[in-house]
Amino acid sequence: VALCEAEGSPPAHPTPLTLELRFNWKLFWNFLHPHLLALGVAIVLALGAALVNVQIPLLLGQLVEIVAKYMRDRVGSFMSESRRLSTQLLLLYGVQGLMTFGYLVLLSHIGERMAMDMRKALFSSLLRQDIAFFDAKKTGQLVSRLTTDVQEFKSSFKLVISQGLRSCTQVIGSLVSLSMLSPRLTLLLAIATPALMGVGTLMGSGLRKLSRQCQEQIARATGVADEALGNVRTVRAFAMEQREEERYQEELESCRCKAEELGRGIALFQGLSNIAFNCMVLGTLFIGGSLVAGQQLKGGDLMSFLVASQTVQRSMASLSVLFGQVVRGLSAGARVFEYMALSPCIPLTGGCCIPSKDLHGSITFQNVSFSYPCRPGFEVLKDFTLTLPPGKIVALVGQSGGGKTTVASLLERFYDPTAGMVTLDGHDLRTLNPSWLRGQVIGFISQEPVLFGTTIMENIRFGKLEASDEEVYTAAREANAHEFISSFPDGYSTVVGERGTTLSGGQKQRLAIARALIKQPTVLILDEATSALDAESERVVQEALDRASAGRSVLVIAHRLSTVRAAHCIVVMANGQVCETGTHEELLKKGGLYAELIRRQALDAPLTEAPL
Ligand code: ADP
Ligand code: MG
């Protein structure tokens, strides 16, 4: 436990971690190494294509030289002289095209497979994290790591290999051929290019900053829309459509301003760089021309020089763009790998299972203290002791916020206690297999059941994947759900809508009960299972729950006391501790907290609570 706490502490101080996220090269290597062969071939092809690109201007220059000679001397046959060069050029074009095709196909093969593997690994790692991890994180951000960040990392990776390799090779190769063509012109170019590149890089980094701000603004606008559409019922109920529209419009307005600023920046950059490139061409032609005039350079070589110097400039420009992409790709990768390397304190599997013949379902909480990891100083349970005898119903009552749901969470082992221990049939929960515990021993029904957006059949089968149709029907009958399901035109194939929105509260709850009952749990936890329902659905659901409770160890959590009369024993909680225990009559006679709660509820709702 002490070790777990040491590991579990980072979520408490997330800020320094997120600022200094380091790229995990080791994990990256794990994803890369199955593709090393393909990557090697891709690199060779990319290098080859780049080298061919360097060769092409040289041959073009020779061809121009032949043209010039023919125009000057007008002797011999142009066709026969140029045939060899032309076929060579055509061949090179073909080879270059093939190699480009080859390395792009390989890169997309590697990139897509890596992205898929990364998504799979990240998703499976996220699903395994502690519940405490999810308390501290926003779902939207986790999802965006799965989508946007992986996407960004993949495109950066592909770009580095394809453009990066090509640009570097072309810069180096072209510089070599430039200096062979004319050292003097190369020197001039070597002075002018870095100066221009410097200005370009400065402008580029400004543009990148703007572009990032643009992205953030778009994300903010999307957030507003997402919230409004996702909670459309609340928006409608408060007649807030107008305000949400205005909010979205404001965000869109800032989006537009930023995007237009970016557009102007890009336009300026393009205009200026066009001028710069054209001036470079003109300058080269002018100086090179005077060299040609002075017989120091051949016309064809000048042509080669021009093409090669354009290649250098284009390559360096793309390298500077690439640099920004690499920075973004690395930080996206760091975000992807961050949670892959994180191991939860409570693993999903491991530990022993109690054979079903020895399983009685007796639960004890022994001097349990607990505070939530994201709120370390605040003790929700203090020295809490409780026994759930096998096959009996124990009710847990107390004020809202008193820690009742927390008791259920500890039983499900969503968290481990800070001190003390929880046992099942005498075994510490920490020694038992958590998946077995949650999947087969405990059935949990909460106040707001969450269904999945599939059919009723699949929702019930979520409790036990291998259940037959017959088992599903039986569970539905037990949960008082069969009747209303059969009344739907599509019966068990009815799709329940996102999170089950197309069902009433009572119907949802009965499906949740069927889902919990289908696994035939030994222990049943009912956390305020009927408190969100109207009186009529409460009666139907309560009937199902009473039937389900027979012969099981049941923990009924309620703040409405009408639901706990059937319990064999009532435990009253206050300040994170047990303060009274006994049957309904005993506690009433005692005249303590329970009697007080009953009296207050009877006053609040004299009609429904009167029978107490
Ligand atoms: P009850 O079910 O009795 O109404 P809970 O067990 O839900 O009470 O909550 C007990 C206390 O723990 C409350 O003060 C609540 O604010 C806090 N709490 C509940 N869940 C969390 C959580 N995931 N993280 C931090 N604090 C929590
Ligand atoms: Mg609760």
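Residues numbered from 1 in each chain as written. Chains lettered and ligands numbered in written order. Predicted model: local features only at pLDDT ≥ 70, side-chain atom pairs only at ≥ 80, totals over all residues. Heavy atoms only, no water.

> Where do I start with the overall build of the protein in this structure?
Secondary structure summary: the protein contains 21 helices and 10 strands in total. Radius of gyration (C-alpha) of the protein: 36 Å, far over the 25 Å computed for a compact globule of 612 residues. With respect to the three principal axes, the spread of C-alpha positions in the protein is 125 × 55 × 55 Å. For the protein, the proportion of its 612 residues judged to be buried stands at 41%. (Helix = DSSP H or I, 4+ residues; strand = E, 2+ residues; numbered from the N terminus. Rg over C-alpha atoms; globule rule 2.2 N^0.38 Å. Buried < 20%, exposed > 50% of the residue type's maximum accessible area, 1.4 Å probe, protein only.)

> What exactly am I supposed to notice about the side chain of Thr530 here?
Turning to its location among the elements, Thr530 is positioned in the loop between strand E7 (523-527) and helix H18 (535-549). Residue class for Thr530 comes out buried when judged on its relative accessible area of 6%. Excluding its chain neighbours within four sequence positions, the residues that come into contact with Thr530 are Glu538, Val541, Gln542, Leu545 and Thr563. (Contact = heavy atoms within 4.5 Å.)

> Honestly, the site of ligand 1 in this entry has me stumped. Any pointers?
For ligand 1, the set of nearby residues contains 15 residues, the closest of which are Gly401, Gly403, Lys404, Thr405 and Thr406. A distance of 2.5 Å separates an oxygen atom of ligand 1 from a polar side-chain atom of Thr406. In isolation ligand 1 has 560 Å² of accessible area, and contact with the protein removes 75% of it. Sorting elements by how many residues they give to the shell around ligand 1 places helix H12 (residues 404-411) first, with three residues. (Near = heavy atom within 4 Å. Polar contact = N/O pair within 3.5 Å; in protein donor to acceptor, adjacent residues only side chain to side chain. Areas by Shrake-Rupley, 256 points an atom, 1.4 Å probe, with all protein chains shown as cover.)

> Is there a simple way to explain the sheet that holds strand E1 (residues 363-371) in this structure?
Read from one edge to the other, the open sheet built from four strands follows the order E2-E1-E4-E5, with strand pairing classed as antiparallel. Either end of the sheet is taken by a strand with one partner, and the two such strands are strand E2 (379-388) and strand E5 (427-428). Taken together, the six bridges between E1 and E2 define a ladder with antiparallel strand orientation. The residue bridging Phe365 from the neighbouring strand is Leu386, located in E2. (Pairing = 2+ DSSP bridges.)

> Whenever I open this one, the pairing of E7 confuses me. Can you help?
Summarising burial for E7: five of the five residues are buried, a large majority. Here strand E6 (residues 442-445) pairs with E7 via four bridges, running parallel. By the bridge assignment for E7, Ile442 is matched with Val523. Of the strand pairs in this sheet, E7 and strand E8 (residues 553-558) are connected by five bridges, and their pairing is parallel. Directly across from Leu526, in E8, lies its bridge partner Val556. Between the parallel elements E7 and E8, the chain passes through H18 in a crossover that is right-handed. (Right-handed = clockwise from strand over helix to strand, strands pointing away.)

> Could you clarify how one ought to interpret helix H5 (residues 78-127) in this entry?
For the α-helix, the turn length of 3.6 residues means that residues three or four positions removed from each other point alike. Over its 50 residues, H5 extends 72 Å from the first C-alpha to the last, a length consistent with the 74 Å expected when each residue adds 1.5 Å. At Arg84, H5 is bent by approximately 35°, the largest bend along its length. (Expected span 1.5 Å × (residues − 1). Bend = angle between axes of the 7 residues up to and from the residue.)

> Explain unusual backbone geometry to me, please; I cannot follow it from the model alone.
Leaving glycine out, the prevailing phi sign among residues is negative, and the prevailing peptide bond configuration is trans. At Asp425, a position not held by glycine, the phi torsion is positive, near 50°. In this structure, Asp425 sits in the loop between strand E4 (419-424) and E5. Phi angles above zero are rare outside glycine, and Asn575 is one such case at about 55°. Among the structural elements, Asn575 can be located in the loop between strand E9 (569-574) and strand E10 (577-582).

> Is there a simple way to explain the confidence of the model for the protein in this structure?
Mean pLDDT over the protein works out to 86, with 95% of the residues at or above the 70 mark. In this model residues 1-19 is a low-confidence stretch, pLDDT under 50, and it forms five contacts with partners more than four residues away in sequence or in other chains. Scored below 50 in pLDDT, residues 606-612 shows 11 contacts in the model against residues more than four places distant or in partner chains. Per the prediction output, this complex has pTM 0.79; the corresponding ipTM is 0.98. (pLDDT = per-residue confidence, 0-100.)

> Hey, could you run me through the packing of H5 against helix H7 (residues 139-181) in this one?
A pair of packed helices can be characterised by two numbers: the angle between their axes and the separation between those axes. Relative to each other, H5 and H7 sit at 155°, their axes nearing to 10 Å. It follows that H5 is roughly antiparallel to H7 by the angle criterion. Crossing angle aside, the handedness with which H5 passes H7 is right-handed. (Axes fitted to C-alpha atoms, helices over the stretch in contact; angles between N-to-C directions. Parallel < 35°, antiparallel > 145°, perpendicular 65-115°, else oblique. Left-handed = near helix turned anticlockwise from the far one by under 90°.)

> Sorry if this is basic, but what is going on with the pairing of E10 here?
When a strand is regular, its side chains alternate between the sheet's two faces. Looking at chain direction, E9 and E10 are connected through five bridges and run antiparallel. Along E10, the bridge assignment pairs Ala574 with Gln577.

> Mind showing me how you'd approach the packing of aromatic side chains here?
Two descriptors summarise a pair of aromatic rings, namely the distance from one centre to the other and the angle between the planes of the rings. Under the counting rule described, the total for this entry stands at 18 aromatic pairs. Ring centres of Phe370 and Tyr415 lie 5.5 Å apart, and the angle between their planes is 55°; on these two criteria the pair is classed as tilted. A residue pair is termed long-range when its members are at least 10 positions apart, and Phe370 in strand E1 and Tyr415 in the loop between H12 and E4 qualify at 45 residues. Classification of Phe370 by relative accessible area gives buried; the value is 2%. Residue Tyr415 is classed as buried on the basis of its relative accessible area, which comes to 7%. Each ring, one from Tyr473 and one from Tyr492, has its centre 4.8 Å from the other, and the planes form 65°; the classification is edge-to-face. Placement of Tyr473 in helix H15 (residues 469-478) and of Tyr492 in the loop between helix H16 (482-487) and helix H17 (505-517) is noted, with a sequence separation of 19 residues between them. Of the residues examined, Tyr473 reaches a relative accessible area of 23% and is grouped as partly exposed. (Phe/Tyr/Trp six-rings, centres within 6.5 Å; stacked < 30°, edge-to-face > 60°.)

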